[in-house]
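Chain residues, written in single-letter form:
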Amino acid sequence: MLKTLKNRFEQGYKTTSYPKTKIELVERYRGLPDINIDVEDDIAKICAAACPQDAIDEHKKTIDMGRCVFCGSCERLSEEKFVKFTRNFETSTSRREHLITEGSLPALAEHSKKHFKKLFGRSLQLRQISAAGCNACEADLNVLATPFFDLARFGINFVASPRHADGIVVTGPVSRNMKTAVLETFEAVPDPKVVIAVGSCAISGGPFRGSPEITEGLESLIQVDLFIPGCPPHPLTNLHALLNFFKS
Amino acid sequence: METKFLKIANGCAVSRSEIPYLPFTDFCDTALNIVKDGGKVVHYFAYKDDSVIKLIAVLRTDELLIATTDAPDSYPSFTTECEQFHMFEREIAEQFGINPQGHPWLKMVRYHPNYTEKPDIFGNDYNQDIPGNYDYYRVDGDEVHEVAVGPVHAGVIEPGHFRFNCIGERVFHLEIQLGYQHRGIENLLLDVENKRLPIIIESIAGDTTVANSTCMAQAIEALTQTDTDKGSKIIRTIALELERIANHTGDLGALSGDVAFLPPANYFGRMRGDFLNMTLLICGNRLGKGVVRPGGVRFSIDNDIRQELISRISVLEPQMQHVIDLLFETPSVRARFEGCGNVSTYDAEKLGLVGPAGRASGIQHDIRRDFPTEHYPDIDISGYAEPTCDVYARARVRADEIMHSINIIKSLLANEIETQTIDFGNYNLAPSSFVVTLNEAWRGELSHCVLTDDNGKIIKYKVKDPSFHNWNGLSMSLRDTGISDFPLNNKSFNLSYCGFDL
Ligand code: SF4
Ligand code: SF4
């Protein structure tokens, strides 16, 4: 017992004060890209050719954050002249096309659907479906339950049964072998329900795009309400998305 | 030992013409003899060379041994004599329609059509929804009942199907069927531009990002005769150890949660995050995506970062030790951990268990000591002496490894780390070559093989996650165990679904 108390004392209080106070992530973290649309065409072209995810449109000078894995190659290659990743982790959107960006995103809170806020603003129960990603997106959703993030203090929980859920959170590119399970779990959630796609895989197939064994993203199966980009999205990106989309 | 197999070294490319090309009977007899003498199967897979299908085996004694042969359409199963081949033969049957006759349990591994024109060995029609559409193993009897779980589980975890045959609360047998997450990675790797290779490899299993990308980088370096500098070897080693600590810490937390002792569950959970955040500090990604590339590393550890890491570790090290002590000195925890989920040394040897799960059952093998790469030749890796073969042993090995890894990292951070970072690497691979790379990932022996054709194009990329060996260990641990102890045993192994499913 004494040991338990001593440990409790040593561990202290660790819960983040975000979103009340701002949080700075580390220097090397790559969040929302800052894009210089006046960059020379050559540089944009080199970056587009080198991008492992073919996420860069060299003509429009945009990055598709739904495909991007935030590897940072374009930033390095252009020596920050074309792309520079900021530490802003608030990168989620309510529309797929908004993820194709020249560096700015519409404010998520204003684009979320009003009735969602009304229905789920005080209590949101989510069923997570892991559908053939690399399990890193799941891991960084899971940590929202740890004391540092403590998601439950906002009335948001991950639940065991789709019957108890208000929506689904899907990670992974939805493999051929998971398609039925995803659709059946979605069916089992009572209406009205929300659909959240987390990670480059669920949004666009991610690193696995082009494989005949996957379906290339959740949107090809069901309508998605909230897109959280990243590979994986930082837990704070997930937290920001859930709070802004559902809380007033 | 005299053998018809060729000795090769971890991470050294050989010309494919040097690999002994044996008549099938010689291949079979020699392979079985090596394994019966205590050898282990690192790889056994089929590949297409022009239009001929060949088999290749990489075996491990105190050295690595390799040979190849033409694949027959069917042959008497190796598994009947050496259990270790069991999963490998199923994989070969699924991928290339080669029938291991008399295989004791020939069933699908990942549910996909085979890569040849041959009829499917399991008689499946893959236009139909196949997963779950399979005759599970059944135990008959009036009192016997089945419990089916998954593919979608109650927590935020990966999909897989578990079928328990029980009498009352006791489990006769647990059948594990995976494949739900099959993404066709090995084939995708053959088709894509080089720029995509490291991104796909990093996403085989996110919790094993660094180990997988290190295996791949070493393979590409061997095939391009690229040397890496000392600094990048140190940074890879640090990243590998951070990956090990974060995962083991998370699992100790989960184990604690499963016996309803919540303080350590929360403390471990939080400290796991602190270690992930050290990786974030180094490379901007908590899982280590982007650290390793063929030719070296993409991120340096400059003095500021080095000092920051040292100071974070000095705070965490005593906390970690105290929480570990709290866990293991709590009688109610010990009562649940001890004697639960036994996998005897005999069974572990037969199944070829690797990593902490193997060490907990008395198999000392550790790639970091037995076939060291990167900075490991200069690091002392001792054995672990707690082979009580149960959940306690699997937890204890992990706890000891955490403290050991912390020491490794501290010693590597003691001096400045000079390195030349690289971004992309060279992919002009040597033609007609073969390389195998092995690293001790946190779950155990992880290995990649790459074969190139006459033009230096990759014709086979084989990935073997340690879970490929260890899932059967989990099944064994459940025999004659209460079904309510499944979560505890499952966490004590914490195997990879996506690393297995590929
Ligand atoms: S950071 Fe994104 S856009 Fe830039 S190269 Fe990597 S994947 Fe492409
Ligand atoms: S988006 Fe990236 S991190 Fe998430 S599951 Fe896919 S590969 Fe893994």
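Residues numbered from 1 in each chain as written. Chains lettered and ligands numbered in written order. Predicted model: local features only at pLDDT ≥ 70, side-chain atom pairs only at ≥ 80, totals over all residues. Heavy atoms only, no water.

### With respect to helix α14 (residues 467–478) of chain B
All names here are of chain B. Across its 12 residues, α14 extends 16 Å between first and last C-alpha, which sits within 8% of the 16 Å expected from 1.5 Å per residue. Along α14, 10 of the 12 residues are buried, which leaves the element largely enclosed by surrounding structure. A positive phi of about 60 degrees marks Asp480, the residue just after α14. (Helix = DSSP H or I, 4+ residues; strand = E, 2+ residues; numbered from the N terminus. Expected span 1.5 Å × (residues − 1). Buried < 20%, exposed > 50% of the residue type's maximum accessible area, 1.4 Å probe, protein only.)

### A look at the packing of aromatic side chains
Residues and elements named next belong to chain B. For the coordinates displayed, the defined rule picks out 31 aromatic pairs over all chains. For the pair Phe78 and Phe85, a centre-to-centre distance of 5.1 Å together with 85 degrees between the ring planes defines the contact as edge-to-face. Following the ring pairs from residue to residue traces out a cluster consisting of Phe5, Phe24, Phe27, Tyr44, Tyr75, Phe78 and Phe85. Against the face of Trp105 rests Lys107, its NZ or CZ located 5.3 Å from the ring centre. Note that Arg110 overlies the ring of Phe500, its terminal NZ or CZ placed 5.3 Å from the centroid. (Phe/Tyr/Trp six-rings, centres within 6.5 Å; stacked < 30°, edge-to-face > 60°. Lys NZ or Arg CZ within 6 Å of the ring centre and 35° of its normal.)

### Details of the interface of chain B and chain A
Reports often express the size of an interface as the amount of accessible area lost when the parts come together. Residue-level contacts link 66 residues of chain B with 62 residues of chain A. A salt bridge links Arg76 of chain A to Asp423 of chain B; the shortest N-O distance between them is 3.6 Å. At the junction of chain B with chain A, the criterion picks out 26 residue pairs in polar contact (both at pLDDT 80 or more). Taken together, the elements giving at least two residues each to the side of chain B that touches chain A come down to α3 (185–191), α4 (197–202), α7 (262–283) and α8 (303–328) of chain B. For the side of chain B that touches chain A, the residue count by class is 33 nonpolar, 16 polar and 17 charged. (Contact = heavy atoms within 4.5 Å. Salt bridge = Lys/Arg side-chain N within 4 Å of Asp/Glu carboxyl O. Polar contact = N/O pair within 3.5 Å; in protein donor to acceptor, adjacent residues only side chain to side chain. Nonpolar A, V, L, I, M, F, W, Y, C, P; charged D, E, K, R; others polar.)

### Examining a negative patch on the surface
Taken together, Glu184, Glu187 and Asp191 of chain A together with Asp129 of chain B make up a surface patch of like negative charges. Locating Glu184 of chain A in the fold gives a position in helix α7 (residues 179–188). (Patch = residues over 30% accessible without salt bridge, like charges linked within 9 Å, V, L, I, M, F, W, Y side chains within 5 Å. Areas by Shrake-Rupley, 256 points an atom, 1.4 Å probe, with all protein chains shown as cover. Lys, Arg positive; Asp, Glu negative; His and termini not counted. Charge placed at Lys NZ, Arg CZ, Asp CG, Glu CD.)

### Here's the deal with the domain arrangement of chain B
Residues and elements named next belong to chain B. Domains assigned within chain B are domain 1 (6–131) and domain 2 (185–493). Placing the centre of domain 1 and that of domain 2 at their C-alpha centroids yields a distance of 26 Å. A combined buried area of about 2800 Å² lies between domain 1 and domain 2, and 63% of that area is made up of carbon and sulfur atoms. Three residues stand out in domain 1 for area buried against domain 2, namely Asn10, Arg16 and Arg60, and they jointly supply 22% of the buried area on that side. (Domains from an automatic or database assignment. Buried area = accessible area lost by both parts, 1.4 Å probe.)

### Description of the site of ligand 1
Taken together, Cys51, Pro52, Ile56, Ile63, Cys68, Val69, Phe70, Cys71, Gly72, Ser73, Cys74 and Phe85 of chain A are the residues near ligand 1. Each residue belonging to the shell around ligand 1 can be placed in one class, and the counts come to 10 nonpolar, two polar and no charged. (Near = heavy atom within 4 Å.)

### Here's the deal with the site of ligand 2
The full set close to ligand 2 counts 13 residues, and Cys134, Cys137, Ser200, Cys201 and Cys231 of chain A are the nearest of them. More than a single chain frames ligand 2: its nearby residues are located in chains A and B. Counting only elements with at least two residues in the shell around ligand 2, the list comes to α6 (136–142) and α8 (199–204) of chain A. Here the element with the most residues in the shell around ligand 2 is α8 of chain A; it accounts for three residues. Here the residues of the shell around ligand 2 are counted per class, giving seven nonpolar, five polar and one charged.

### A closer look at the nonpolar core
In this structure, Phe246 of chain A together with Ile238, Met320 and Phe337 of chain B are the most contacted members of the largest nonpolar core, which totals 93 residues. With 11 residues, the single largest contributor to this core is helix α13 (residues 391–413) of chain B. Beyond its immediate chain neighbours, meaning those up to four positions away, Ile238 of chain B contacts Ile282, Ile301, Ile409, Leu412, Leu413 and Ile417 of chain B. Membership of the second largest hydrophobic core comes to 51 residues, among which are Leu22, Val41, Tyr75 and Leu353 of chain B. (Core = buried A, V, L, I, M, F, W, Y, C linked by side-chain atoms within 4.5 Å.)

### A word on the confidence of the model for chain B
Looking at chain B, pLDDT values average 92 and 99% of them are 70 or higher. Listed scores for the predicted complex are pTM 0.94 and ipTM 0.93. (pLDDT = per-residue confidence, 0-100.)

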